[in-house]
Amino acid sequence: MKRDREPYPFRRHVRSCRFFGPGGREARLDLCNCPFHVDGIYDGDRVPRQSLKTRSRQIAERRVAELIQRLDHERREATVGSNTSPKQKTVTEAIERFLGSKGAIEGGAYRGDVERGTYRKYATSLGFLSAFCWNRSIVGLDSVDVDALEDYRRGRKIGPVTWKVERQTLVTFFAYCAKRKWIASNPAKELEPPRNLKPNEVVPYTLVEESRIVAASASIDGGKCNLSGAGYEQLRGRAMVMLLRSTALRISDVATFSKDAVGWDADAKTWRVRLRTQKSGEPVYLPIPEELKLILDAVPLPRMPRKTARTTSGTGSHRDGPWWALPSEPYPRYSKNPGSRTRTRTVSGILWRPVS
């Protein structure tokens, strides 16, 4: 598949190939056996098209990687030969500049060119990199080479899926730095990405586990002693758990849920939830049982004044919903992604529900 702003291999279809002609590059690489060539952009200039002298995709990708390394080496030698060096920048300064170009949080509200979740991902990953450089006494950005990034990878106790996302963040960050001539090349590109990733097995909650989660909502902020203000926290916690159980929404959608998202469907004669998801903006229009509607109605309005109540998304929008933030005490966790298990349990409950 064609990739912008970097050299990439493509099959140059011969006349006898069915993909010969306009649009041939868009065809999947495994659908024919035509020879590979290279094309793309490197450092703002187009790479001369040339044959890779192979029909194997694996060999073609390896030769493209060797071509990129050779171009990086030539650029470094050209920089040294001209007695010029990239503008010196510290790691901290580069990270601050990069995050500032993506967005900013002002007065609790986020504004930027990327989504809030993407900005948070950048800030978190680069925060770990900054801490690593601080511990290793690495100050200059040009001192962060491939060896340093490999040491950084070994120190990160994360799985291959998480590392794949974090590696892409490093590639994006160092590409930003290389484009501004702060460094000669992108060291993160030379890190091997994880391969043959298998999705995590998601095991749904059992009925016993669900009962324990619902019971845990009664022990938030005061527990059974019913200390001051504990009733609101408990009712809110129970409503959040039951909303997750009945709708399989993401935790971000439940945390920013609004009471006005529930309406009566006269045609189907049932209550429905209508909202747009926080992650993708997709519309959701789901029926909910009467019991859940009663649970939501039992939750009072937030104790904070309306003017200061904000959603956890950081947009600063006012809400009349039953809550404005996550519970102050976490529920028992039985997996790394409880939301996925809740969604799986919801689906399994629907599948096994008796037909009336």
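Here the structure is shown first, and the text comes after it.
A brief structural summary. Predicted, not measured: the structure shown is a model, and the values here were computed from it. (Residues numbered from 1 in each chain as written. Predicted model: local features only at pLDDT ≥ 70, side-chain atom pairs only at ≥ 80, totals over all residues. Heavy atoms only, no water.)

**Points about the nonpolar core**
If you look at the biggest cluster of nonpolar residues, it comprises 31 residues, and the most contacted ones within it are Leu126, Leu129, Leu141, Leu170, Phe173, Phe174 and Cys177. Looking at this core, the elements with two or more residues in it are α2 (91–102), α3 (116–135), α4 (146–155) and α5 (160–179). Residues in contact with Leu170, not counting those within four places in the same chain, are Leu126, Leu129, Tyr152, Trp163 and Ala188. In this structure, Ala239, Leu243, Leu275 and Ile295 belong to the second largest nonpolar core, which totals 18 residues. (Core = buried A, V, L, I, M, F, W, Y, C linked by side-chain atoms within 4.5 Å. Buried < 20%, exposed > 50% of the residue type's maximum accessible area, 1.4 Å probe, protein only. Helix = DSSP H or I, 4+ residues; strand = E, 2+ residues; numbered from the N terminus. Contact = heavy atoms within 4.5 Å.)

**Comments concerning the environment of Gly100**
Here Gly100 shows up in helix α2. Separated by 12 residues in sequence, Gly100 and Gly112 place their C-alpha atoms 8.7 Å apart.

**Structural notes on a negative patch on the surface**
There is a patch of like negative charges on the surface, built from Asp145, Asp147, Glu150 and Glu190. Locating Asp145 in the fold gives a position in the loop between α3 and α4. Residue classification places Asp145 among the partly exposed positions, given a relative accessible area of 37%. (Patch = residues over 30% accessible without salt bridge, like charges linked within 9 Å, V, L, I, M, F, W, Y side chains within 5 Å. Areas by Shrake-Rupley, 256 points an atom, 1.4 Å probe, with all protein chains shown as cover. Salt bridge = Lys/Arg side-chain N within 4 Å of Asp/Glu carboxyl O. Lys, Arg positive; Asp, Glu negative; His and termini not counted. Charge placed at Lys NZ, Arg CZ, Asp CG, Glu CD.)

**Section: α4**
Among all positions in α4, only Val146, Ala148, Leu149 and Tyr152 are buried. Down the axis of α4, the smallest arc covering the buried residues is 160°, so these residues share one side. Opposite the buried face of α4, at more than 90 degrees from it, the exposed residues are Arg154 and Gly155. Those residues of α4 that are buried are in contact with α3 and α5. (Arc of directions from axis to C-beta.)

**Re the sheet that holds strand β2 (residues 36–39)**
Spatially, β1-β2-β5 is the arrangement adopted by the three strands of the open sheet, whose pairing is antiparallel. Two strands lie at the open edges of the sheet, namely β1 (8–11) and β5 (50–51), each paired on one side alone. Pairing geometry for β1 and β2, over four bridges, is antiparallel. Paired with Tyr8 across the two strands is Asp39, which belongs to β2. (Pairing = 2+ DSSP bridges.)

**A closer look at the sheet that holds strand β10 (residues 283–288)**
Strand order in this open sheet of three strands is β8-β9-β10, and the pairing throughout is antiparallel. Pairing within the sheet leaves two strands with one partner each, and these edge strands are β8 (262–265) and β10. Pairwise comparison of adjacent strand axes, ignoring direction, gives a mean angle of 35° for this sheet. Two elements, β8 and strand β9 (residues 270–276), share four bridges in a ladder whose sense is antiparallel. Bridge pairing links Val262 to Val273 in β9. Together, β8, β9 and β10 form the strand contacts of helix α9 (residues 290–297), whose direction differs from that of β10 by roughly 105°. (Axes fitted to C-alpha atoms, helices over the stretch in contact; angles between N-to-C directions.)

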